[in-house]
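What follows is each chain in one-letter form.
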Amino acid sequence: MQKHLLKLLDYSREDIVEILNLADQLKYEQKNGIPHSFSKGKTLAMIFEKNSTRTRVSFETGIFQLGGHGIFLSSDASQMGRGEPIADTARTLARYCDCIMIRTFAHETAEELARWSDIPVINGLTDRYHPCQVLADLMTIREHKTYLEGLKLCYIGDGNNMANSLIVGGLKCGLDVSVACPEGYAPHPEVLDFAATVTDAAFTLTTDPKLAAADADVIVTDVWASMGHEEEARDRNRAFQGYQLNDELMALTAPGCMVQHCLPAKRRQEITAEVFEAHAGEIFDEAENRLHAQKAVMVRLMSG
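Report follows, based on the coordinates. (Residues numbered from 1 in each chain as written. Predicted model: local features only at pLDDT ≥ 70, side-chain atom pairs only at ≥ 80, totals over all residues. Heavy atoms only, no water.)

### Thoughts on the sheet that holds strand β7 (residues 203-206)
Next up, step 1: Read from one edge to the other, the open sheet built from five strands follows the order β7-β6-β5-β8-β9, with strand pairing classed as parallel. Pairing within the sheet leaves two strands with one partner each, and these edge strands are β7 and β9 (258-261). Between one strand axis and the next, the sheet turns through 15 degrees on average, direction left out of account.
Next up, step 2: In this structure, strand β6 (residues 176-180) lies alongside β7, joined through four bridges in parallel fashion. Residue pairing in the sheet places V179 in a bridge with L205 of β7.
Next up, step 3: Across the sheet, helix α5 (residues 131-145) is in contact with β5 (152-156), β8 (218-221) and β9; its angle to β9 comes to roughly 160 degrees. (Pairing = 2+ DSSP bridges. Helix = DSSP H or I, 4+ residues; strand = E, 2+ residues; numbered from the N terminus. Axes fitted to C-alpha atoms, helices over the stretch in contact; angles between N-to-C directions. Contact = heavy atoms within 4.5 Å.)

Okay, here's the thing in structure tokens:
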């Protein structure tokens, strides 16, 4: 197991499955009132340079349920926001805390933090990768489908942090992955290079959503303009016409196809209200599983 969780590229299939198994155990224990104070007395520093609902609440609740304590640090209320070097923040927090979670813009910020930190660093989201969300997605898919290997996972939309992490996590767990993005919005080259090396699962990148969605067991989408890209919204709305997850696209998928969305969702843009509500149970299972998957990550990293 790695010291940090920055991206799923650093993890093996066995590492990912180990986290998912532990997440299942922790979810069962939490639902049945079984104490699991694996992180009793430990402190999680939570650095937020991007706003959040689910990331903050799930990490803060998670560390509390594990017997520890979370400290919220926003960019405008910490010295990082006033220009303190990342290296100094990392070395200081490592003297006080047991783990750091960061939700930020540039992935290089998370990497720099980890480079200087003597304690584990968890990527709560960067512009390039969103590993905790995809661990929750994989956990949810396995709950509903009972297995992962051999399923077809389809992603429709922007080749963003979600697309990048879904490709890596899906292929590493033996799912065939198909992705449909408009020209100019493809996933990160590092991810495409990885996908080209995979021999035990199929990967397809296309500009045709119908081709990507055909016979999919799971279909995933995300907002067309992620946080930090709002100024591009008009151009993106034009580029992504035809990439909406709607009844026409769902009709091409396999029977019982699941829908996943990391939220927040914009109805009538990337997904219709009808498709969202028809699959709301799966989507909010996915949202809940952020809590359990992240608890598993914290237990593994903070226990060494």
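### Comments concerning the layout of surface pockets
Next up, step 1: Roughly 230 Å³ of volume is contained in the second largest pocket.
Next up, step 2: Forming the walls of the second largest pocket are 17 residues, and the residues nearest its centre are D127, G159, N160, N161 and H229.
Next up, step 3: Split into classes, the residues belonging to the lining of the second largest pocket amount to four nonpolar, eight polar and five charged. (1 Å grid on protein atoms, 1.4 Å probe; cavity = no way out; pocket = protein on both sides within 12 Å on 5 of 7 lines; lining within 4 Å. Points joined across faces, edges and corners; volume = space filled by probe spheres on them. Nonpolar A, V, L, I, M, F, W, Y, C, P; charged D, E, K, R; others polar.)

### Here's the deal with the packing of aromatic side chains
Next up, step 1: Tallying each qualifying case throughout the model produces five aromatic pairs.
Next up, step 2: Here the aromatic rings of W224 and F240 are separated by 5.8 Å at their centres, their planes lie at 15 degrees, and the arrangement is stacked. Of this pair, W224 sits in the loop between β8 and α9 (233-239) while F240 is found in the loop between α9 and α10 (247-250), placing the two residues 16 residues apart along the sequence. In this structure, W224 and F240 share a single accessibility class: buried.
Next up, step 3: Consider the rings of F240 and Y243, whose centres lie 6.0 Å apart with planes at 70 degrees: the pair is edge-to-face.
Next up, step 4: Residue F240 is classed as buried on the basis of its relative accessible area, which comes to 0%.
Next up, step 5: Overall, Y243 belongs to the buried group, its relative accessible area being 7%.
Next up, step 6: Members of the aromatic cluster, each reached through a chain of ring pairs, are Y185, W224, F240 and Y243. (Phe/Tyr/Trp six-rings, centres within 6.5 Å; stacked < 30°, edge-to-face > 60°. Buried < 20%, exposed > 50% of the residue type's maximum accessible area, 1.4 Å probe, protein only.)

### Some points on the pattern of salt bridges
Next up, step 1: Enumeration over the complete set of coordinates arrives at 18 salt bridges.
Next up, step 2: Measuring nitrogen to oxygen at the nearest pair gives 2.9 Å for the salt bridge that ties E288 to K31. A residue pair is termed long-range when its members are at least 10 positions apart, and E288 in helix α12 (residues 280-302) and K31 in helix α1 (residues 13-31) qualify at 257 residues.
Next up, step 3: We classify K31 as exposed; its relative accessible area is 51%.
Next up, step 4: The partner of R238 in a salt bridge is D235, and the shortest N-O contact between them spans 2.5 Å. Highlighted residues: R238 and D235, both in helix α9, separated by three residues, approximately one helical turn.
Next up, step 5: The class of R238 is exposed, set by a relative accessible area of 54%.
Next up, step 6: Via salt bridges that share partners, R13, E149 and D200 belong to a single interconnected network. (Salt bridge = Lys/Arg side-chain N within 4 Å of Asp/Glu carboxyl O.)

### Details of the pairing of strand β4 (residues 121-125)
Next up, step 1: Of all five residues in β4, five are buried, a share of seventy percent or more.
Next up, step 2: The parallel pair strand β3 (residues 99-103) and β4 is bridged by helix α4 (residues 107-116), and the resulting crossover is right-handed. (Right-handed = clockwise from strand over helix to strand, strands pointing away.)

### Looking at the nonpolar core
Next up, step 1: L5, I122 and L135 are the most contacted members of the largest nonpolar core, which totals 58 residues.
Next up, step 2: With residues up to four places along the chain from it excluded, the contact list for L5 reads Y11, V121, I122, N123, P131, C132, L135, V297 and L301.
Next up, step 3: Counting residues in hydrophobic clusters, the runner-up holds 22 residues, among them A212, Y243, C257 and I271. (Core = buried A, V, L, I, M, F, W, Y, C linked by side-chain atoms within 4.5 Å.)

### Looking at α4
Next up, step 1: If you check which residues of α4 are buried, you get H107, T109, A110, L113 and A114. Seen along its axis, α4 keeps its buried residues to an arc of 160 degrees; they face one direction.
Next up, step 2: In this fold, the buried residues of α4 make contact with β1 (43-48), α3 (86-96), β3 and β4. (Arc of directions from axis to C-beta.)

### Examining the pairing of β9
Strand residues, when the strand is regular, have side chains that alternate between the two faces of the sheet.
Next up, step 1: A two-sided burial pattern is seen for β9, the buried positions comprising M258 and Q260 on one face and V259 and H261 on the other.
Next up, step 2: Pairing of β8 with β9 involves four bridges; the strand directions are parallel. In the strand pairing of β9, V220 is matched with Q260.

### Quick notes on the environment of E49
Next up, step 1: Mapped onto the fold, E49 is located in the loop between β1 and α2 (54-65).
Next up, step 2: With 55 residues separating them along the chain, E49 and T104 place their C-alpha atoms 4.8 Å apart.
Next up, step 3: Looking at E49, its side chain comes within polar contact range of the side chain of T104, at 2.3 Å. (Polar contact = N/O pair within 3.5 Å; in protein donor to acceptor, adjacent residues only side chain to side chain.)

### Digging into unusual backbone geometry
Next up, step 1: Here L263 and P264 are connected by a cis peptide whose omega angle stands at 0 degrees.
Next up, step 2: If you trace the backbone, P264 turns up in the loop between β9 and α11 (273-278).
Next up, step 3: Despite not being glycine, L125 shows a phi value in the positive range, around 160 degrees.
Next up, step 4: Within the secondary structure, L125 sits in strand β4.
Next up, step 5: Unusually for a residue other than glycine, R268 sits at a positive phi of about 75 degrees.
Next up, step 6: Inspection of the secondary structure assignment puts R268 in the loop between β9 and α11.
Next up, step 7: Judged by its relative accessible area of 70%, R268 falls in the exposed class.

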